[in-house]
Amino acid sequence: MREMALGREQEQIDQQAVVEVEISLLSTVDSPRTSGEDPDHVEALSVVQSPLPPILVHRPTMRVIDGLHRVRAAELRGQDRVAVSFFEGNEADAFVLAVESNTKHGLPLSKADRKRAAARIITSHPQWSDRMIASVTGIAPGTVADMRRGLPGASAAEESRIGQDGRVRPINAAAGRRIAGELITDNPGLSLRQIARMAGISPETARDVRSRLRRGEDPLPSRHGREPEPANLEVGASAPPRGIGVAAVPGRPSAQDPSVVVERLKADPALRLSETGRTLLRLLNLHTINAKEWQRIIDNVPPHCSGIVAYLADEYAGMWSELALRLGRREAETA
């Protein structure tokens with residue numbers, strides 16, 4: 001499962017140790033919300049009857065990380081104290097946590113504030129991947145990449161970056177692809193997850209390398225021109241978008257419409273009459289939508305969810321690829 005941004009640092013927040021702190025001791029400087037508080041939002045919070053959640057404060061500086069509107073609402077009520085949970089990390093991580101908190105809930109940060117925050121995080125956390133920073137700030141990974149290229153010194157000569165799942169991967173995947181190619185050649189029985197972990201690449205990249213080797217191609221994609229379309233897809237057919245679909249299994253015709261194949265499997269008593277068989281059929285049926293439906297799904301994924309959805313899709317693709325490999329191996333053994 002994907003690590004949440006600042007996951008390890010957030011573990012330092014003792015959610016049980018909520019204390020009452022005088023508002024006069026709190027600092028409200030260095031907020032990612034450059035426009036200040038929203039008076040209407042403060043007014044709305046001030047009339048809430050139930051207790052508001054504790055605010056989050058950076059203990060070393062007493063700066064409010066999350067909950068500035070709740071502080072102003074408490075002041076409007078005439079309170080001089082407010083419930084607080086403390087964060088013990090450094091100031092750079094405190095700022096990231098403030099951005100993430102204001103992106104995930106409450107009154108959202110403006111797009112300009114999110115972009116300014118991303119620029120600052122690129123500088124303070126250059127080892128984080130574009131997707132990692134995008135998931136924290138709520139902007140597109142491509143926008144983060146463009147900003148990184150435009151910031152002097154932000155793209156130092158790093159060989160790797162930390163992804164959303166907490167794993168370290170090379171910036172240039174060429175070396176990882178080469179290593180994966182050697183691993184697959186020398187140890188064809190390794191799973192995609194094992195290859196990915198040893199080569200420092202994603203399971204989906206490992207799957208692509210293995211597919212290329214099976215077709216007699218180089219592990220690295222061609223840099224010249226477009227990649228050739230798979231030979232088994234007819235022009236005009238409802239093929240899934242690149243990266244979505246079922247990997248070809250040696251010895252099996254792959255030009256059939258998957259939905260037709262799934263319907264045939266549904267009629268098989270060996271699957272239909274067992275619990276595990278029905279579970280498998282339900283999973284297979286989920287992927288029978290056509291290319292237009294896939295594209296509609298992609299187009300409607302909220303930008304702030306793109307990173308985690310991409311990560312989950314990558315993880316599930318790796319699981320399906322490993323399933324195909326194991327079943328293909330078992331079929332070869334029993335043939």
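Residues numbered from 1 in each chain as written. Predicted model: local features only at pLDDT ≥ 70, side-chain atom pairs only at ≥ 80, totals over all residues. Heavy atoms only, no water.

Glancing now at the overall build of the protein. Scanning the protein from N- to C-terminus turns up 15 helices and six strands. The buried share of the protein, taken over its 335 residues, is 35%. Sequence separation of at least 24 residues holds for 68% of the intrachain contacts in the protein that already meet a minimum separation of 6. In the form shown here, the protein has an accessible surface area of approximately 19,700 Å², with 56% of it arising from carbon and sulfur atoms. (Helix = DSSP H or I, 4+ residues; strand = E, 2+ residues; numbered from the N terminus. Buried < 20%, exposed > 50% of the residue type's maximum accessible area, 1.4 Å probe, protein only. Contact = heavy atoms within 4.5 Å. Areas by Shrake-Rupley, 256 points an atom, 1.4 Å probe, with all protein chains shown as cover.)

Another point: the side chain of Asp66. For Asp66, the location among the structural elements is in strand S3 (residues 63-66). Judged by relative accessible area, which is 10%, Asp66 ranks as buried. A polar side-chain atom of Asp66 sits 3.2 Å from a polar atom in the side chain of Arg70. Dropping the residues within four chain positions of it, Asp66 is found in contact with Ile55, Leu56, Ser101, Asn102 and His105. (Polar contact = N/O pair within 3.5 Å; in protein donor to acceptor, adjacent residues only side chain to side chain.)

Along helix H9 (residues 192-199), the residues that are buried comprise Leu192, Ile195, Ala196 and Ala199. End-on view of H9: buried residues confined to an arc of 95°, all on one side of the axis. In H9, the exposed positions that point more than 90 degrees away from the buried face belong to Arg197 and Met198. Two residues or fewer after H9 comes Gly200, characterised by a positive phi angle close to 70°. (Arc of directions from axis to C-beta.)

Turning our attention to the pairing of strand S4 (residues 81-87). Burial analysis of S4 places five of its seven residues in the buried class, the great majority of the element. Relative to S4, strand S1 (residues 19-22) runs antiparallel, the two sharing four bridges. Among the inter-strand pairings, Val21 is bridged to a residue of S4, identified as Val82. As paired strands, strand S2 (residues 55-58) and S4 are joined by four bridges and run parallel to one another. By the bridge assignment for S4, Val57 is matched with Phe86. (Pairing = 2+ DSSP bridges.)

Pairing within the open sheet is mixed, and its four strands lie in the order S1-S4-S2-S3. Of all the strands in the sheet, the pair left with one neighbour each is S1 and S3. Here the strands of the sheet are splayed against their neighbours by 55° on average, with no regard to which way each runs. Along the sheet, helix H3 (residues 68-76) contacts S2 and S3; its crossing angle with S3, the most-contacted strand, is approximately 115°. Helix H4 (residues 91-104) contacts S2, S3 and S4 of the sheet and is inclined by roughly 40° relative to S3. (Axes fitted to C-alpha atoms, helices over the stretch in contact; angles between N-to-C directions.)

What follows covers H4. Note: α-helices contain 3.6 residues per turn, so residues at a spacing of three or four share the same orientation. End to end, H4 covers 20 Å across 14 residues, agreeing with the expected 20 Å (1.5 Å per residue, within 8%). For H4, the buried fraction is high: 11 of the 14 residues fall into the buried class. By the burial criterion, the buried members of H4 are Asp93, Ala94, Phe95, Val96, Leu97, Ala98, Val99, Glu100, Ser101, Asn102 and Thr103. Between a side-chain oxygen at the N-terminus of H4 and the backbone nitrogen of Ala92 the separation is 3.2 Å; the capping residue is Asn90. (Expected span 1.5 Å × (residues − 1).)

What follows concerns the packing of aromatic side chains. A complete count under the given rule lists zero aromatic pairs for this structure. The lysine or arginine in question, Arg59, covers the ring of Phe86, its NZ or CZ lying 4.0 Å from the ring centre. Above the plane of the ring of Phe95 lies Arg120, whose end atom (NZ or CZ) is 3.7 Å from the centre. (Phe/Tyr/Trp six-rings, centres within 6.5 Å; stacked < 30°, edge-to-face > 60°. Lys NZ or Arg CZ within 6 Å of the ring centre and 35° of its normal.)

Moving on, we come to unusual backbone geometry. Negative phi is the rule for most residues except glycine; trans is the rule for most peptide bonds. If you check the backbone angles, Asp30 has positive phi at about 60° while not being a glycine. If you trace the backbone, Asp30 turns up in the loop between S1 and helix H2 (39-46).

The next subject is the nonpolar core. Counting residues in each nonpolar core, the largest one holds 16 residues, and the members touching the most others are Val99, Ile121, Trp128, Ile133, Val136 and Val144. Where this core is concerned, the elements lending two or more residues are H4, helix H5 (111-124), helix H6 (130-137) and helix H7 (141-150). Counting residues in hydrophobic clusters, the runner-up holds 13 residues, among them Ile23, Val57, Val71 and Val84. (Core = buried A, V, L, I, M, F, W, Y, C linked by side-chain atoms within 4.5 Å.)

Once that is clear, we can look at the confidence of the model for the protein. In this model, the protein carries a mean pLDDT of 78, and residues with pLDDT of at least 70 account for 77%. Taken as a whole, residues 224-255 scores under 50 in pLDDT and shows 23 contacts with residues more than four places along the chain or in a different chain. (pLDDT = per-residue confidence, 0-100.)

Further remarks concern a nonpolar patch on the surface. On the surface, Leu312, Tyr316 and Met319 cluster together into a nonpolar patch covering about 280 Å² of accessible area. You can see Met319 is positioned in helix H15 (residues 306-334). (Patch = residues over 30% accessible without salt bridge, like charges linked within 9 Å, V, L, I, M, F, W, Y side chains within 5 Å. Salt bridge = Lys/Arg side-chain N within 4 Å of Asp/Glu carboxyl O.)

Before going further, it helps to examine the environment of Leu281. Residue placement: Leu281 occurs in helix H13 (residues 275-285). Leu281 sits 18 residues away from Glu263 along the chain, and the two C-alpha atoms are 9.1 Å apart. Those residues within four positions of Leu281 in sequence are excluded, and the remaining contacts are Leu265, Lys266, Leu271 and Arg272.

Here we take up the side chain of His58. For His58, the location among the structural elements is in strand S2. Judged by its relative accessible area of 1%, His58 is buried. If we skip the residues at most four places from it in the chain, His58 touches Arg63, Ile65, Phe87, Gly89, Asn90, Glu91 and Ala94.

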